[in-house]
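Coordinates in review
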Amino acid sequence: MLVWLAELSGTFPILNVFRYITFRAGGATATALLFVFFFGPAAISWLRIKQGKGQPIRTDGPETHLAKRGTPTMGGLMIMSGLFAAVLLWGNLRNPYVWIVLGVTAAYGAIGFYDDYLKVTKQSHKGFSGKARISIEVVVALIACYAIMQTQPAAIGSGFAMPFLKEAIIPLGILFPLVTAFVVVGAGNSVNLTDGLDGLAIVPVMIAAGTFGFISYLVGNAIFANYLQIHHIPGAGELAVVCGAVIGAGLGFLWFNAPPAQIFMGDTGSLGLGGLLGTIAVATKHEIVLAIVGGLFVVEALSVIIQVAVFKRTGKRVFLMAPIHHHFEKLGWTEPQVVIRFWIISVVLALVGLSTLKLR
């Protein structure tokens, strides 16, 4: 909303600063952080009263988790509130990418909210029907990816870009929404599976958001994109403001989610944030880079897939418990050890992902 101030820059030159994406991204980060930080305590108290027993704890999980009984969930509402407030204040609302990303985030967040609601009210791990949930996610992703394809230049709109190779783009045509929807749905559910320990998911999400905020800024700038030999996506730079808001809201949430957590993110936050990252990756033509930067999320999801597939076939388990962060807990790692080591891995993967930009 503050972008309109830039239109007065002819009369008041100092207002020209609102034209700069970097300035507005910083403003969005600070706004989201302060919003979540100041309204967080009231939100936690309200959710604790409404939920009573809080999120149900798995009895077959690590014994240390039993002490978390009574901790409220749906902390994603705090993150989403700060994120949307910051983007609506600092973002350019004439930019279609902003609305596409916010639309997916809101839709996936709503799906996660309903899932959390069912789990809390029934005090059961069985929430929203898996098939119904995935079906809705796929429909939302298809609509978003089709909108992205229509928004981008025809030469690259329906293509799948390859890292390191500027001219290499796989033309998918009408199949583009089908292929890229898999990225959005996969990202949403991968982050969801990672959210199992205090602070485990939110920091890797912020690291990925910071990485893609940088990528968004570069692909949205014709000079930088040409210099780095990556595809130029007009208007995509505005997504840096969205990523800044994610970082700010994430930092505010981490204040309350750090061990021992006062509140859990829940599917409300993890599914929404995962969908956001997946959509930004599609919009910036860096879907494969997301698999690298978000490698931790990929490994978490694969551990569940492998565990289920092998157990159904042989009756044996590959991991002591899936997702894989629980496997390491079963091996004797403390929760802070698992969380911090996984954070370190996320930083390394982000640096590897950035190397695909041919920085020189």
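Residues numbered from 1 in each chain as written. Predicted model: local features only at pLDDT ≥ 70, side-chain atom pairs only at ≥ 80, totals over all residues. Heavy atoms only, no water.

**Quick word on the side chain of Asn-257**
Going by this rule: In this text, helices come from DSSP runs of H or I with a minimum length of four residues, and strands from runs of E with a minimum of two, each type numbered from the N-terminal end. With a 1.4 Å probe rolled over the protein chains alone, any residue whose accessible area is under 20% of its type maximum counts as buried; one over 50% counts as exposed, and the rest are partly exposed. Polar contact is defined as a pair of N or O atoms within 3.5 Å, subject to the rule that within protein one atom must be able to donate a hydrogen and the other to accept it, and that residues adjacent in sequence are counted only when both atoms are side-chain atoms.
Within the secondary structure, Asn-257 is located in helix 9 (residues 239-257). Residue classification places Asn-257 among the buried residues on the basis of a relative accessible area of 4%. Of note is the side chain of Asn-257, whose polar atom sits 2.9 Å from the backbone nitrogen of Gly-199. For Asn-257, the side chain forms a polar contact with the main-chain oxygen of Ile-263, separated by 2.8 Å.

**Section: the pattern of salt bridges**
Here is the rule we go by: Salt bridges are counted wherever a side-chain nitrogen of Lys or Arg sits within 4 Å of a carboxyl oxygen of Asp or Glu.
For the coordinates displayed, the defined rule picks out 6 salt bridges. The residue Lys-119 makes a salt bridge to Asp-115 at a minimum N-O spacing of 3.2 Å. With a gap of 4 residues between them, Lys-119 and Asp-115 both fall in helix 3 (residues 96-122), about one helical turn apart. The same class applies to Lys-119 as to Asp-115, namely buried. Between Arg-133 and Glu-137 there is a salt bridge, and its shortest N-O distance comes to 3.2 Å. Within this pair, Arg-133 and its partner Glu-137 are both found in helix 4 (residues 130-151), separated by 4 residues, close to a single helical turn.

**Thoughts on the environment of Cys-145**
Note the cut-off: In this description, contact between two residues means that some pair of their heavy atoms is separated by no more than 4.5 Å.
Of note, Cys-145 is situated in helix 4. For the pair Cys-145 and Thr-180, spaced 35 residues apart in sequence, the C-alpha separation works out to 6.5 Å. The contacts of Cys-145, once residues within four sequence positions are left out, are Phe-176, Pro-177, Thr-180, Ala-181, Val-184 and Val-282.

**Let's talk about the packing of helix 2 (residues 76-90) against helix 3**
How we decide: To obtain each axis, a line is fitted to C-alpha atoms, and for helices this fit is confined to the stretch in contact; angles are then taken between N-to-C directions over 0 to 180 degrees. Orientation labels follow simple angle bins: below 35 degrees gives roughly parallel, above 145 gives roughly antiparallel, 65 to 115 gives roughly perpendicular, and whatever is left gives oblique. Here a crossing is taken to be left-handed if its near helix is turned anticlockwise relative to the far helix by less than a right angle, and right-handed if that turn runs clockwise. Any residue that is not Ala, Val, Leu, Ile, Met, Phe, Trp, Tyr, Cys, Pro, Asp, Glu, Lys or Arg is counted as polar, Gly included; the first ten are nonpolar and the last four charged.
Axis separation between helix 2 and helix 3 bottoms out at 11 Å; the angle between their running directions is 165 degrees. Between helix 2 and helix 3, the angle falls in the class roughly antiparallel. Read as a crossing pair, helix 2 and helix 3 show a hand that is left-handed. Along its contact with helix 2, which presents Leu-77, Met-80, Leu-83, Phe-84, Val-87 and Leu-88, the element helix 3 presents Val-98, Trp-99, Leu-102, Thr-105, Ala-106 and Phe-113. Looking at the contact of helix 2 with helix 3 residue by residue, the classes come out as 11 nonpolar, 1 polar and no charged.

**Comments concerning the packing of aromatic side chains**
The test is simple: Side-chain rings of Phe, Tyr and Trp, where Trp is taken by its six-membered ring, are said to pair if the distance between their centres is within 6.5 Å; with planes under 30 degrees apart they count as stacked, over 60 as edge-to-face, and otherwise as tilted. For a Lys NZ or an Arg CZ to count as sitting over a ring, it must be within 6 Å of the ring centre and within 35 degrees of the ring normal.
As enumerated under the stated definition, the model contains 8 aromatic pairs in all. With a centroid separation of 6.0 Å and an interplanar angle of 85 degrees, the aromatic rings of Phe-328 and Phe-342 are classed as edge-to-face. You can see Phe-328 sitting in helix 13 (residues 324-330) and its partner Phe-342 sitting in helix 14 (residues 335-354), a full 14 residues away along the chain. Residue Phe-342 is classed as buried on the basis of its relative accessible area, which comes to 4%. If you follow Arg-341 out to its NZ or CZ, it ends over the ring of Trp-333, 4.6 Å from the centre.

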